Amino acid sequence: MQDGSAGPVPDAAEPGLPGFDACAAALADCRYLLVMPVPWHQAGDGSVWLDELWHRDLMRHLDYLGDLTVFAPRLPLGDRAGMVQVQAGPGLKFRALPWGQSTAAGLLSAPATWLASLRAVRGADIVHSGVAGWPFPPGLFVNPLAVLLRKPMVIVVESAFWRLSGPGPHSRKARLRAGMVERFARWSVRKAALSVFTHEGYRSSLGRGSEAQSIVTPASWIDAGDVLDQTSAEAAWAAKPAQVRVLLAARLTEGKGVAVLLDALSGAAAQGLPVAVDVIGDGPLRPVVAEAAAQLGPDRLNLLDPVPYGPPFLGLLGRNHAALVPSITDEQPRILFDAAARAVPVLASDTEGHRGLVEPGVNGWLFAPGDPAALLAALQRAAGAPEALRQMGLTARTWAEGRTHQAMHLARARRLAELWRAVRG
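Rules used in this analysis
Residues numbered from 1 in each chain as written. Predicted model: local features only at pLDDT ≥ 70, side-chain atom pairs only at ≥ 80, totals over all residues. Heavy atoms only, no water. Helix = DSSP H or I, 4+ residues; strand = E, 2+ residues; numbered from the N terminus. Buried < 20%, exposed > 50% of the residue type's maximum accessible area, 1.4 Å probe, protein only. Contact = heavy atoms within 4.5 Å. Areas by Shrake-Rupley, 256 points an atom, 1.4 Å probe, with all protein chains shown as cover. Lys, Arg positive; Asp, Glu negative; His and termini not counted. Charge placed at Lys NZ, Arg CZ, Asp CG, Glu CD. pLDDT = per-residue confidence, 0-100. Core = buried A, V, L, I, M, F, W, Y, C linked by side-chain atoms within 4.5 Å. Expected span 1.5 Å × (residues − 1). Pairing = 2+ DSSP bridges. Axes fitted to C-alpha atoms, helices over the stretch in contact; angles between N-to-C directions. Phe/Tyr/Trp six-rings, centres within 6.5 Å; stacked < 30°, edge-to-face > 60°. Lys NZ or Arg CZ within 6 Å of the ring centre and 35° of its normal.

**What to know about the overall build of the protein**
No. 1: Broken down by element type, the protein carries 16 helices and 17 strands.
No. 2: Sorting the 425 residues of the protein into buried and exposed places 53% on the buried side.
No. 3: By sequence separation, contacts in the protein at least 24 residues apart represent 74% of the contacts at least 6 residues apart.
No. 4: Of the accessible surface of the protein, which amounts to about 18,200 Å², a share of 56% is contributed by carbon and sulfur atoms.
No. 5: Treating the 41 positive side-chain charges of the protein as one cloud and the 38 negative ones as another, the clouds have centres 9 Å apart.

Dropping the structure here:
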């Protein structure tokens, strides 16, 4: 794949390209510090636990990193539902990042955070960090220390949730915070030895356009086993209901385009549009969606109970004719890959996070972001074109085969191995 394209990540078996074993050998003596705002949890017996999805991603890092230290906030273990115990050892260690749960607590813990960050960075050969987090980005402490101590820094930008979206109005505090984080993100990217972005828009806007110092790897969480084979995909389409149904699976917030969807569905109801939308997710707008669902009825809008990510969610997704992604922010959601794995096309807003991955008429359709009329037109088009949806879904299934979670990590592993060889001379 050329950096920034929507092409597949090269396969481990592709001639001339190293696989995980070769990358692991190249990185064998590298002490890698992974700085995260996502907490790890510790039980009374000292055992370490992680959220199931975070654990899944962390284990992929161990395919190529033999000395990995996770530096992240530590919380006491509460409810174990959805948590996985981690087998920490010499190759995988955890260090507590002092952190507050509010701005005031974060300020009070700043001296301890700075000291812990200094110790962690000193003991690393490569520092993997980010630019965002709440109430303060961990990188606010780590990144300047990495530069000061001349440690090669890998900056990963998977989303830019600090950027303001929607019609506003936005408070002076929100504007100030967004501006400060944006400037810090650009500084961090300039100082990085390698920057990793989930789409080309982040690379362009944050100021590091050189392919020698950056890579674009879309954030996919699907495994090869999640991708339907051709026969199963055909059978799934044959089993779909007659009425076209689309699924919106997201956190129910303004940024995900939920209000835009509700406005569009009001127009759809007035026109008697034969398409239904299933919605799944939690968030502040869930009560609003529930009220709208009660008014419109299940043949127009159906609010579902949450299901775990994995087979239950993928099964639900596969029963729909399309996935709806009306985001108004510039992030790149994982649902694009989840849908493709189940031979389901997407109806997505034309944002930077979607544009490089959705090819209109091939694996989905795009519509103007934040525009209820454009979203309604997309739903109308879908209602009248189930065969086009089927063809795009089957094409998307093939598209998904080279875009797995493992392939994403392999692309990163290869660049890290190159970086470490360059550092060592």
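**Section: the confidence of the model for the protein**
Any region with low pLDDT has predicted coordinates that should not be read closely.
No. 1: Across the protein, pLDDT averages 90, with 94% of residues at or above 70.
No. 2: Note that pLDDT drops below 50 for residues 1-13; the model gives that stretch 37 contacts with residues more than four away or on any other chain.

**Some details on the nonpolar core**
No. 1: One finds Leu301, Leu324 and Leu347 to be the most contacted residues of the largest nonpolar core, which totals 40 residues.
No. 2: Per element, the largest residue contribution to this core is 7 residues, and it comes from helix α14 (residues 372-383).
No. 3: Once residues lying within four places of it in the same chain are set aside, the contact partners of leucine 301 are Leu262, Leu265, Val277, Val279, Val289, Ala292, Ala293 and Leu296.
No. 4: Residues Leu92, Ile126, Ala413 and Leu419 belong to the second largest nonpolar core, which totals 34 residues.

**A short note on the environment of arginine 355**
No. 1: Relative to the assigned elements, arginine 355 resides in helix α13 (residues 352-355).
No. 2: In this structure arginine 355 comes out as partly exposed when scored by relative accessible area, which is 43%.
No. 3: Between the alpha carbons of arginine 355 and histidine 321 there is a distance of 21 Å; along the sequence they are 34 residues apart.

**A short note on helix α4 (residues 110-122)**
No. 1: With 13 residues, α4 extends 18 Å from end C-alpha to end C-alpha; this agrees with the ideal 18 Å at 1.5 Å per step.
No. 2: Along α4, the positions that sit buried rather than exposed are Ala110, Thr113, Ala116, Ser117, Leu118, Ala120 and Val121.
No. 3: Considering only its buried residues, α4 is in contact with β1 (32-35), β4 (68-72), β7 (92-96), α3 (103-108), β8 (126-129) and α5 (139-148).

**Brief notes about the sheet that holds strand β2 (residues 40-42)**
No. 1: Taken together, 4 strands build an open sheet; the order of strands is β5-β2-β3-β6 and the sheet is mixed. At either end of the open sheet lies a strand with only one pairing partner, and these are β5 (74-76) and β6 (83-86). Within this sheet the neighbouring strands show an average axis-to-axis angle of 40°, counted without direction.
No. 2: Of the strand pairs in this sheet, strand β3 (residues 48-51) and β6 are connected by 4 bridges, and their pairing is antiparallel. Its bridge partner lying in β6, tryptophan 49 is registered against glutamine 85.
No. 3: Relative to β3, helix α2 (residues 52-61) is tilted by about 105°, and along the sheet it contacts β3 and β6.

**Digging into the packing of aromatic side chains**
No. 1: This structure, assessed with the given rule, holds 7 aromatic pairs.
No. 2: With a centroid separation of 6.2 Å and 80° between ring planes, the pair formed by tryptophan 99 and phenylalanine 141 is classed as edge-to-face. In this pair, tryptophan 99 sits in the loop between β7 and α3 while phenylalanine 141 sits in helix α5, placing the two residues 42 residues apart along the sequence.
No. 3: For tryptophan 99, a relative accessible area of 19% puts it in the buried group.
No. 4: The class of phenylalanine 141 is buried, set by a relative accessible area of 14%.
No. 5: Taken together, a centroid distance of 6.1 Å and an interplanar angle of 20° make the contact between phenylalanine 184 and tryptophan 187 stacked. Of this pair, phenylalanine 184 and tryptophan 187 both sit in helix α6 (residues 172-191), 3 residues apart, which is roughly one turn of the helix.
No. 6: Cation over ring: lysine 240 sits above tryptophan 237, and NZ or CZ is 4.5 Å from the ring centre.
No. 7: Sitting over the ring of tryptophan 365, arginine 381 keeps its end group 3.9 Å from the ring centre.

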